[in-house]
Amino acid sequence: MQVREPEIIRLIERIGEHFKTNISNRFIRPALLQLPLDKQSWDLIEVLTEKIEQYRYQGFHLDELYRQIAAAARFVSLSRREIVPTLRNRLGGGSGADRVLRDMAVNNFASNLQLFADLLNELFVKLVELDKRESRGHVPLYKQIIELQDIGRQLVGS
(Lines give C-alpha, C1' and ligand atoms only; values in the text may rest on other atoms or scores of the structure.)
Protein backbone atom coordinates (compact mmCIF):
# COMPACT_ATOMS: atom_id res chain seq x y z
CA MET A 1 0.00 0.00 0.00
CA GLN A 2 1.28 3.45 -0.92
CA VAL A 3 0.95 6.21 1.69
CA ARG A 4 0.47 9.66 0.17
CA GLU A 5 -1.47 11.48 2.86
CA PRO A 6 -0.14 15.07 3.21
CA GLU A 7 -0.48 15.00 7.00
CA ILE A 8 1.69 11.88 7.23
CA ILE A 9 4.27 13.27 4.79
CA ARG A 10 4.52 16.50 6.82
CA LEU A 11 5.02 14.45 9.99
CA ILE A 12 7.80 12.43 8.34
CA GLU A 13 9.46 15.70 7.25
CA ARG A 14 9.22 17.00 10.82
CA ILE A 15 10.75 13.78 12.17
CA GLY A 16 13.65 14.08 9.72
CA GLU A 17 14.33 17.72 10.54
CA HIS A 18 14.21 17.08 14.28
CA PHE A 19 16.53 14.09 13.97
CA LYS A 20 19.14 15.95 11.88
CA THR A 21 19.05 19.10 13.99
CA ASN A 22 18.67 17.80 17.53
CA ILE A 23 19.63 14.13 17.65
CA SER A 24 22.26 13.40 15.01
CA ASN A 25 24.00 16.75 14.99
CA ARG A 26 27.76 17.23 14.79
CA PHE A 27 28.13 17.26 18.58
CA ILE A 28 26.11 14.14 19.40
CA ARG A 29 26.78 11.96 16.32
CA PRO A 30 30.16 10.59 17.55
CA ALA A 31 28.43 9.12 20.61
CA LEU A 32 25.54 7.74 18.53
CA LEU A 33 27.92 5.86 16.28
CA GLN A 34 29.02 3.83 19.32
CA LEU A 35 25.53 2.34 19.73
CA PRO A 36 25.30 -1.41 19.13
CA LEU A 37 22.84 -0.98 16.25
CA ASP A 38 23.14 -3.06 13.08
CA LYS A 39 23.75 -1.51 9.65
CA GLN A 40 20.28 -2.40 8.40
CA SER A 41 18.73 -0.42 11.27
CA TRP A 42 20.95 2.58 10.55
CA ASP A 43 19.96 2.35 6.87
CA LEU A 44 16.25 2.28 7.74
CA ILE A 45 16.64 5.28 10.06
CA GLU A 46 18.52 7.14 7.32
CA VAL A 47 15.75 6.49 4.79
CA LEU A 48 13.12 7.74 7.26
CA THR A 49 15.01 10.86 8.34
CA GLU A 50 16.95 11.90 5.24
CA LYS A 51 15.52 10.44 2.03
CA ILE A 52 12.03 11.93 1.98
CA GLU A 53 12.51 13.53 -1.44
CA GLN A 54 12.61 10.08 -3.03
CA TYR A 55 9.15 9.27 -1.69
CA ARG A 56 7.33 12.61 -1.45
CA TYR A 57 5.56 12.30 -4.81
CA GLN A 58 5.41 8.56 -5.41
CA GLY A 59 4.33 7.79 -1.85
CA PHE A 60 5.73 5.65 0.92
CA HIS A 61 5.25 1.90 1.18
CA LEU A 62 3.43 1.14 4.40
CA ASP A 63 5.50 -1.95 5.24
CA GLU A 64 8.74 0.02 4.76
CA LEU A 65 7.49 2.83 6.99
CA TYR A 66 6.64 0.31 9.70
CA ARG A 67 10.14 -1.19 9.48
CA GLN A 68 11.72 2.28 9.60
CA ILE A 69 9.69 3.16 12.69
CA ALA A 70 10.71 -0.14 14.33
CA ALA A 71 14.41 0.61 13.64
CA ALA A 72 14.03 4.16 14.98
CA ALA A 73 12.28 2.81 18.09
CA ARG A 74 15.23 0.43 18.69
CA PHE A 75 17.52 3.44 18.30
CA VAL A 76 15.48 5.41 20.87
CA SER A 77 15.49 2.53 23.34
CA LEU A 78 19.24 1.93 22.98
CA SER A 79 19.99 5.66 23.21
CA ARG A 80 18.02 5.98 26.43
CA ARG A 81 19.84 3.06 27.96
CA GLU A 82 23.37 3.56 26.61
CA ILE A 83 23.83 7.21 25.59
CA VAL A 84 21.73 9.41 27.87
CA PRO A 85 23.42 8.41 31.16
CA THR A 86 26.98 8.81 29.84
CA LEU A 87 26.73 11.32 27.00
CA ARG A 88 28.74 14.09 28.65
CA ASN A 89 31.61 11.68 29.39
CA ARG A 90 31.67 10.29 25.84
CA LEU A 91 32.22 13.65 24.14
CA GLY A 92 35.41 15.67 24.10
CA GLY A 93 35.79 19.12 25.57
CA GLY A 94 36.00 21.65 22.78
CA SER A 95 36.47 25.34 23.40
CA GLY A 96 34.71 28.67 23.07
CA ALA A 97 31.48 28.77 21.09
CA ASP A 98 31.76 25.07 20.20
CA ARG A 99 31.85 24.14 23.87
CA VAL A 100 28.71 26.18 24.57
CA LEU A 101 26.88 24.59 21.63
CA ARG A 102 28.08 21.11 22.62
CA ASP A 103 26.90 21.66 26.20
CA MET A 104 23.51 22.80 24.91
CA ALA A 105 23.24 19.72 22.69
CA VAL A 106 24.23 17.42 25.58
CA ASN A 107 21.91 19.11 28.10
CA ASN A 108 18.93 18.89 25.74
CA PHE A 109 19.60 15.45 24.31
CA ALA A 110 17.26 13.51 26.61
CA SER A 111 14.33 15.86 25.96
CA ASN A 112 15.10 15.94 22.22
CA LEU A 113 15.20 12.13 22.19
CA GLN A 114 11.81 12.08 23.95
CA LEU A 115 10.35 14.46 21.37
CA PHE A 116 11.73 12.22 18.60
CA ALA A 117 10.06 9.21 20.27
CA ASP A 118 6.78 11.14 20.57
CA LEU A 119 6.87 12.07 16.88
CA LEU A 120 7.57 8.45 15.93
CA ASN A 121 4.69 7.30 18.11
CA GLU A 122 2.37 9.86 16.49
CA LEU A 123 3.41 8.60 13.04
CA PHE A 124 2.88 4.99 14.10
CA VAL A 125 -0.63 5.75 15.43
CA LYS A 126 -1.59 7.55 12.21
CA LEU A 127 -0.28 4.67 10.10
CA VAL A 128 -2.15 2.10 12.20
CA GLU A 129 -5.38 4.11 11.75
CA LEU A 130 -4.80 4.21 7.99
CA ASP A 131 -3.88 0.53 7.95
CA LYS A 132 -7.07 -0.46 9.80
CA ARG A 133 -9.19 1.70 7.50
CA GLU A 134 -7.64 0.24 4.35
CA SER A 135 -7.47 -3.42 5.42
CA ARG A 136 -11.24 -3.95 4.99
CA GLY A 137 -11.81 -7.28 6.65
CA HIS A 138 -8.22 -8.50 6.33
CA VAL A 139 -5.61 -8.58 9.08
CA PRO A 140 -3.97 -5.12 9.12
CA LEU A 141 -0.32 -5.11 8.10
CA TYR A 142 0.95 -3.79 11.45
CA LYS A 143 -0.33 -6.96 13.16
CA GLN A 144 1.73 -9.08 10.77
CA ILE A 145 5.10 -7.40 11.45
CA ILE A 146 6.80 -8.96 14.47
CA GLU A 147 9.11 -5.97 15.10
CA LEU A 148 6.08 -3.79 15.88
CA GLN A 149 4.83 -5.87 18.83
CA ASP A 150 7.14 -4.10 21.28
CA ILE A 151 6.99 -0.65 19.70
CA GLY A 152 5.06 1.04 22.51
CA ARG A 153 7.51 0.02 25.21
CA GLN A 154 10.48 1.08 23.10
CA LEU A 155 9.04 4.51 22.35
CA VAL A 156 7.53 5.26 25.74
CA GLY A 157 10.48 3.86 27.68
CA SER A 158 10.62 3.50 31.41
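These notes cover the structure that comes with them. (Residues numbered from 1 in each chain as written. Predicted model: local features only at pLDDT ≥ 70, side-chain atom pairs only at ≥ 80, totals over all residues. Heavy atoms only, no water.)

Considering the packing of aromatic side chains
Throughout the structure, instances matching the rule amount to 5 aromatic pairs. Arranged with centres 5.2 Å apart and planes meeting at 40°, the rings of Phe 19 and Phe 116 form a pair that is tilted. With Phe 19 in helix 1 (residues 6-23) and Phe 116 in helix 6 (residues 96-135), this residue pair connects regions lying 97 residues apart in the sequence. Since its relative accessible area comes to 3%, Phe 19 is described here as buried. Using a relative accessible area of 0% as the deciding quantity, one classes Phe 116 as buried. Seen in terms of ring centroids, Phe 75 and Phe 116 are 6.3 Å apart; in terms of plane orientation they differ by 85°. Their pairing is edge-to-face. Here Phe 116 lies in helix 6 and Phe 75 lies in helix 4 (residues 62-83), a separation of 41 residues in the sequence. Ring pairs connect the aromatic residues Phe 19, Trp 42, Phe 75 and Phe 116, which therefore count as one cluster. (Phe/Tyr/Trp six-rings, centres within 6.5 Å; stacked < 30°, edge-to-face > 60°. Helix = DSSP H or I, 4+ residues; strand = E, 2+ residues; numbered from the N terminus. Buried < 20%, exposed > 50% of the residue type's maximum accessible area, 1.4 Å probe, protein only.)

Considerations on the pattern of salt bridges
With the rule as written, the count across this model stands at 9 salt bridges. We note a salt bridge from Arg 153 to Asp 150, for which the minimum N-O separation is 2.6 Å. (Salt bridge = Lys/Arg side-chain N within 4 Å of Asp/Glu carboxyl O.)

Just geometry here; none of it tells us what the structure is for.
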